[in-house]
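One-letter residues, chain by chain:
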Amino acid sequence: MSLAIFSGYLIFGFSENIKGPAVPRIQADFSLSAFQVGLLLATNSLAYLTACGYTAALSRKIGSRMSLTVALTVMAAAGACICFAPAFPVLALSYFLMYLGNGMLEIVLGLMAAAAFTKNTGAKMNLAHGFYGLSSCVSPMLSAGLMGARFGTGELGWRYMYLIVLSSAFLPVIPALLCRLPGQGGTKNAVDYRKHLKDPSAWLVIALLSLGVTCEMGAGGWLVNFAEKARGFSENEAALALTAFFVCFTLARLALGPLADKLGFERALMLFTGFAAAATVAGVLSGRFGIGLLAAAGFGIGPVYPTVMALTARMFRRNLEAAITVTLIVVGGGIV
């Protein structure tokens, strides 16, 4: 079970983060405007929210293992569609299919992890999400390397890069089909979305996760821009700062999970978010020397998502499918 979950998060990180080096080449090949590129990337949010709406019900009907297999198959199929897309509308639909698979994958992995990691939940959740962080660090380099690789008389390019990387989505299918999923407590009862929406503590969890993911995406999307334009760093120096952030982000997920179990999820989240806030504010106020503090904020931001998911699994185990589905849908809309 752990192998299926860890490898699933690894594939999730690859599929989410290979687009960076590919987007400029896609734009050039299809002569896309900035609006069309934005539209292409916006399919991420639309497909994600769509997948959140039905994946829990699908998992309940056919089981988490088969749902994981469906999600991974959809992603692999999307890689073939992207590779052979003849025009922009087909490419946009292929991107939608890929992110549909990504959204399904995140929901199913969350359900499987919550069911499987009943002991040392914080450590195991952080470790699982650490695999996402590892592949996120490697993805841009892998993407650029594959696109530039020689094949015959030319380069592989972005089309075959997507085909190769997303075909690897089949790898977690084998452990997924072979594993046995522990029982999920009260999930045999009807999924009660209204009950979860009426719970004030559920909205506190949603608010915390929304802000945590916003910090994560804000650093990933804006740290390079801030370093170059507000602090005068070169392109390579700014890219190095972002790499340092993701290294801190990933190391925190791999190393701080046991601390969350030891302190308790609530206290651990206070510690993580407090450090992230202090490092970010100090980094902004410290001029050029503060860029290191902004990168170090990854130590606080990294463990927030998996620790909140561990807290969700503990607090709402009797209505877990509703908790994860509602949380990720609202958080997905909130961070947009």
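Anything mentioned here points back to the structure above.
Peer 1: So what about a nonpolar patch on the surface? Which residues, and what values?
Peer 2: On the surface, Leu127, Leu134, Val247, Leu251, Leu254, Phe275 and Phe299 cluster together into a nonpolar patch covering about 530 Å² of accessible area. Looking at the nonpolar patch element by element, the count peaks at three residues for helix 11 (residues 235–255). Locating Phe275 in the fold gives a position in helix 13 (residues 265–285).

Peer 1: If you had to explain unusual backbone geometry to someone new, which residues and values would you point to?
Peer 2: At Ser31, a residue that is not glycine, the phi angle is positive and equals roughly 55 degrees. Here Ser31 is to be found in the loop between helix 2 (19–30) and helix 3 (34–62).

Peer 1: I'd love a proper account of the pattern of salt bridges, names of residues and values included.
Peer 2: Under the defined criterion, the tally for this structure stands at three salt bridges. Between Arg25 and Glu155 there is a salt bridge; the shortest N-O distance is 3.8 Å. Here Arg25, found in helix 2, pairs with Glu155, found in strand 2 (residues 154–155); they are 130 residues apart in sequence, far enough to count as distant.

Peer 1: A description of helix 7 (residues 157–167) should follow, citing residues and the corresponding values.
Peer 2: Among the residues making up helix 7, those that are buried are Gly157, Trp158, Met161, Tyr162, Val165 and Leu166. Taken down its axis, helix 7 places every buried residue within 165 degrees of arc, on the same side. Residues of helix 7 that are buried sit in contact with helix 1 (2–17), helix 2, helix 4 (64–83), helix 5 (88–116), helix 6 (121–148) and strand 2.

Peer 1: Can you explain the packing of helix 2 against helix 5? Please cite residues and give values.
Peer 2: Taken N-terminus to C-terminus, the directions of helix 2 and helix 5 make an angle of 160 degrees; their axes are 12 Å apart at the nearest point. When the axes of helix 2 and helix 5 are compared, the pair comes out roughly antiparallel. Here helix 2 and helix 5 pass one another in a crossing that is left-handed. Of the residues in helix 5, those in contact with Lys19, Ile26 and Phe30 of helix 2 are Phe88, Leu91, Tyr95 and Tyr99. Residue composition of the contact of helix 2 with helix 5, grouped by class: six nonpolar, no polar and one charged.

What counts, and where the lines are drawn
- Residues numbered from 1 in each chain as written.
- Predicted model: local features only at pLDDT ≥ 70, side-chain atom pairs only at ≥ 80, totals over all residues.
- Heavy atoms only, no water.
- Patch = residues over 30% accessible without salt bridge, like charges linked within 9 Å, V, L, I, M, F, W, Y side chains within 5 Å.
- Areas by Shrake-Rupley, 256 points an atom, 1.4 Å probe, with all protein chains shown as cover.
- Salt bridge = Lys/Arg side-chain N within 4 Å of Asp/Glu carboxyl O.
- Helix = DSSP H or I, 4+ residues; strand = E, 2+ residues; numbered from the N terminus.
- Buried < 20%, exposed > 50% of the residue type's maximum accessible area, 1.4 Å probe, protein only.
- Arc of directions from axis to C-beta.
- Contact = heavy atoms within 4.5 Å.
- Axes fitted to C-alpha atoms, helices over the stretch in contact; angles between N-to-C directions.
- Parallel < 35°, antiparallel > 145°, perpendicular 65-115°, else oblique.
- Left-handed = near helix turned anticlockwise from the far one by under 90°.
- Nonpolar A, V, L, I, M, F, W, Y, C, P; charged D, E, K, R; others polar.

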